[in-house]
Amino acid sequence: MYWDSKIETMEREELERLQYRLLKTLVYRLYSFSAFYHRRMEEAKVHPDDVKTLSDVTKLPFMFKRDLRDNYPDKLFMATQEDLVRYHVSSGTTGKPTVVGYTANDLEEWTVSLARALTSCGLGTKDVIQVSYGYGLFTGGLGLHYGAERIGATVIPTSVGGTERQIELMQDLGATAICCTPSYLLHMGEAAEKMGVSIKKDTKLKVGILGAEPWTAEMRTRIQDWLGIKAYDIYGTSELSGPLFTECTEQNGIHIWGDFAYTEIVDPKTGEHVGDGEKGELTMTILKKEALPIVRYRIGDITGMEHEVCACGRTHPRITRITGRVDDMLIIRGINVFPSQIEHTLMGIPEVGQHFQIVVDRKHELDALLVRVEVKPEAFSDKITDLMKIKEMVAHRLGAALTVNVDVELAEPGSLPRFEGKAKRVIDRRKM
Ligand SMILES: [Zn+2]
């Protein structure tokens, strides 16, 4: 358990005063010692003295992923190699990867953030936590490993893959919690059933810490009902350090520790703030990062923010479930479509299974959207007429939700690809 009531239940005004102090220190440090950020501030005609209140943060220039790529591998670092104790590297889908360096203090902050988060999910010394995120250059495995050890839990560092062995160890070592992508947990649940093991009945698993890919509330309900666990959303990206924040037991948004990060939600087009609760692009400033400072970083994830005190007693703001990424948006015949809208609709249809695939193509100069979805074994009988009805119903529901025509293909249970890490559900043939 990791609980600091002074920090975690701090009044909002007091927290904002603390954020302002940390921001002010950060801005002076960057202006004085970072050639990159000094230049950016000159271009934006802003001096550290212009930051007189927390809301003056909007005077500061944004940072983007391309800034990290353009300065590959370590030109933005503000620590020497002697001060660094670790690197993580995220492989980009386009261009150079992003390299993140950590000082000992950066690792400590990251660990404490996750220790607080795991505590807020009700985990502690009595728990055995199976970490099935990848260990290595990806931040998921090692991040959760240290966070889980810090709360005194016992860690099973299984990493990704070797699914049958993972299920054996889950049973034999009595894992009570698992950390992995939602798609890997779905795969594990099915693999367990093939081995004659019900995760709900034959294991002690009660908590899933799931993330590293967008997933919907409907998928959560399905996972919870099927596997008999409470599934919590986790959030973070390597640029911010790694996975950092989770929902608490209220399952009512992800707590962002305000003494760690200052969060803004901006309109992706204008960069202006949106209203409390409204959706926009998540933008974060990490207030105490030493090696690779992150200021007003436009993460690209779409979410909203709540400031009301949570029923758990924690006063720190919460972000709502990520509904997609600015760059995941598919434009189909001029209409914006998010893969999460498709998942949301499909998971509300009892006849279909958890696995689906989205294929976008161009036919006769027009965009065509095809959704392949598995049906549940019980729906997959030899009654062709029933399947036709399900197919029509799915196409109708998707068409109504997305306001674009959708072709639907029903697939046999178990026939679509499964994923051990992040799911790759969208195939955009227009880009091939
Ligand atoms: Zn809470």
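Residues numbered from 1 in each chain as written. Predicted model: local features only at pLDDT ≥ 70, side-chain atom pairs only at ≥ 80, totals over all residues. Heavy atoms only, no water.

(A) Expanded view of the overall build of the chain. The number of helices and strands found in the chain is 12 helices and 21 strands. Computed over C-alpha atoms, the radius of gyration of the chain comes to 22 Å, within 12% of the 22 Å expected from 2.2 N^0.38 for 432 residues, which places it in the range of a compact globule. With the principal axes as the frame, the chain shows a C-alpha extent of 75 × 55 × 40 Å. About 19400 Å² of surface is accessible on the chain, with carbon and sulfur atoms providing 51% of the total. If you average the places of the 55 positive and of the 62 negative side-chain charges in the chain, the two averages end up 1 Å apart. (Helix = DSSP H or I, 4+ residues; strand = E, 2+ residues; numbered from the N terminus. Rg over C-alpha atoms; globule rule 2.2 N^0.38 Å. Areas by Shrake-Rupley, 256 points an atom, 1.4 Å probe, with all protein chains shown as cover. Lys, Arg positive; Asp, Glu negative; His and termini not counted. Charge placed at Lys NZ, Arg CZ, Asp CG, Glu CD.)

(B) The arrangement of the packing of aromatic side chains in detail. In this structure the tally under the stated criterion is 6 aromatic pairs. Relative to Phe 260, the ring of Phe 245 has its centre 6.0 Å away and its plane inclined at 85 degrees; by these criteria the two rings are edge-to-face. On the criterion of sequence distance, the pair formed by Phe 245 in strand E8 (residues 242-246) and Phe 260 in the loop between strand E9 (254-255) and strand E10 (261-266) is long-range, its members being 15 residues apart. One exposure class covers both Phe 245 and Phe 260, and it is buried. For Arg 298, the ring lying beneath its charged end belongs to Phe 62, and the centroid distance is 4.6 Å. Stacked on the ring of Trp 215, the Lys or Arg Arg 321 has its end atom at 4.5 Å from the ring centre. (Phe/Tyr/Trp six-rings, centres within 6.5 Å; stacked < 30°, edge-to-face > 60°. Buried < 20%, exposed > 50% of the residue type's maximum accessible area, 1.4 Å probe, protein only. Lys NZ or Arg CZ within 6 Å of the ring centre and 35° of its normal.)

(C) How the structure looks around helix H3 (residues 35-43). Along H3, the residues classified as buried are Phe 36, Tyr 37 and Met 41. Angular distribution of buried residues about the axis of H3 spans 125 degrees; they occupy a single face of the element. Exposed residues pointing more than 90 degrees away from the buried face of H3 are listed as Ala 35 and Glu 43. For H3, the secondary structure elements touched by its buried residues are helix H2 (12-33) and helix H4 (65-70). Trailing H3 by a residue or two, Lys 45 shows a phi angle of about 55 degrees, which is positive. (Arc of directions from axis to C-beta. Contact = heavy atoms within 4.5 Å.)

(D) Quick look at the coordination of the zinc ion. Looking at the zinc ion, one finds its protein donor set to be Cys 248 (SG), His 255 (NE2), Cys 310 (SG) and Cys 312 (SG), positioned 2.1 to 2.3 Å from the metal centre. Given 4 donor atoms and angles of 104 to 114 degrees at the metal, the environment of the zinc ion is assigned as tetrahedral. Each donor residue of the zinc ion lies on the same chain, and together they follow the pattern C-x6-H-x54-C-x1-C. For Cys 310, a relative accessible area of 4% translates into the label buried. (Donors = N, O, S within 2.8 Å, 3.2 Å for Na, K, Ca; no water. Tetrahedral: all angles 85-135°; square planar, octahedral: opposite > 155°, others 65-115°.)

(E) How the structure looks around the side chain of Arg 418. Within the element layout of this structure, Arg 418 appears in the loop between strand E20 (406-411) and strand E21 (426-428). A polar contact is formed between the side chain of Arg 418 and the side chain of Glu 374, at a distance of 2.4 Å. Once you skip the residues sitting within four places of it in the chain, Arg 418 turns out to touch His 187, Glu 190, His 355 and Glu 374. (Polar contact = N/O pair within 3.5 Å; in protein donor to acceptor, adjacent residues only side chain to side chain.)

(F) A look at the domain arrangement of the chain. Looking at the chain, the domain boundaries give domain 1 (1-327) and domain 2 (329-431). Using only C-alpha atoms to locate each centre, domain 1 and domain 2 end up separated by 30 Å. Counting residues at the interface gives 26 residues for domain 1, matched by 21 residues for domain 2. Taken together, the two surfaces of domain 1 and domain 2 that pack against each other cover about 1800 Å², and 50% of this comes from carbon and sulfur. A per-residue breakdown of the area domain 1 buries against domain 2 is headed by Glu 218, Met 219 and Arg 222, which together make up 31% of the total. Across the domain 1-domain 2 interface, the total number found is 1 salt bridge. (Domains from an automatic or database assignment. Buried area = accessible area lost by both parts, 1.4 Å probe. Salt bridge = Lys/Arg side-chain N within 4 Å of Asp/Glu carboxyl O.)

(G) Inspection of the sheet that holds strand E18 (residues 352-363) at higher detail. Spatially, the 4 strands line up as an open sheet ordered E20-E19-E18-E21, and their pairing is mixed. Bordering the open sheet on either side are E20 and E21, each of which pairs with just one other strand. When the angles between neighbouring strand axes are averaged without regard to direction, this sheet yields 15 degrees. Summarising the sheet, E18 and strand E19 (residues 366-375) pair through 9 bridges and their orientation is antiparallel. Within the sheet, the bridge partner assigned to Lys 363 lies in E19 and is Leu 366. The strands touched by helix H11 (residues 339-347) within the sheet are E18, E19 and E21, with E18 carrying the most contacts at an inclination of about 140 degrees. (Pairing = 2+ DSSP bridges. Axes fitted to C-alpha atoms, helices over the stretch in contact; angles between N-to-C directions.)

(H) Fine view of the packing of helix H7 (residues 163-172) against helix H8 (residues 182-194). Two numbers describe how H7 lies on H8: the axes approach to 10 Å, and their chain directions differ by 80 degrees. Considered as vectors, H7 and H8 are oriented roughly perpendicular to each other. Taking contact as the criterion, the partners of Thr 163, Gln 166, Ile 167 and Met 170 in H7 are, on H8, Tyr 184, His 187, Met 188, Ala 191 and Ala 192. Its residues assigned to classes, the contact of H7 with H8 comprises 6 nonpolar, 3 polar and no charged. (Parallel < 35°, antiparallel > 145°, perpendicular 65-115°, else oblique. Nonpolar A, V, L, I, M, F, W, Y, C, P; charged D, E, K, R; others polar.)

(I) Broad picture of the packing of helix H10 (residues 217-227) against H11. Look at H10 against H11: their axes get within 8 Å of each other, and the N-to-C directions meet at 45 degrees. On the basis of their axis angle, the class for H10 and H11 is oblique. Residues Glu 218, Met 219 and Arg 222 of H10 form the contact with H11, whose own contacting residues are Glu 343, His 344, Leu 346 and Met 347. Looking at side-chain class alone, the contact of H10 with H11 contains 3 nonpolar, 1 polar and 3 charged residues.

(J) How the structure looks around the pairing of strand E5 (residues 177-180). Residues Ala 177 and Cys 179 of E5 are buried on one face, and the alternating residues Ile 178 and Cys 180, pointing to the opposite face, are buried as well. Pairing geometry for strand E3 (residues 128-131) and E5, over 3 bridges, is parallel. The partner of Val 131 across the bridge, within E5, is Cys 179. Here E5 pairs with strand E6 (residues 207-211) via 4 bridges, running parallel. Counted as the bridge partner of Ala 177 is Val 207 from E6.

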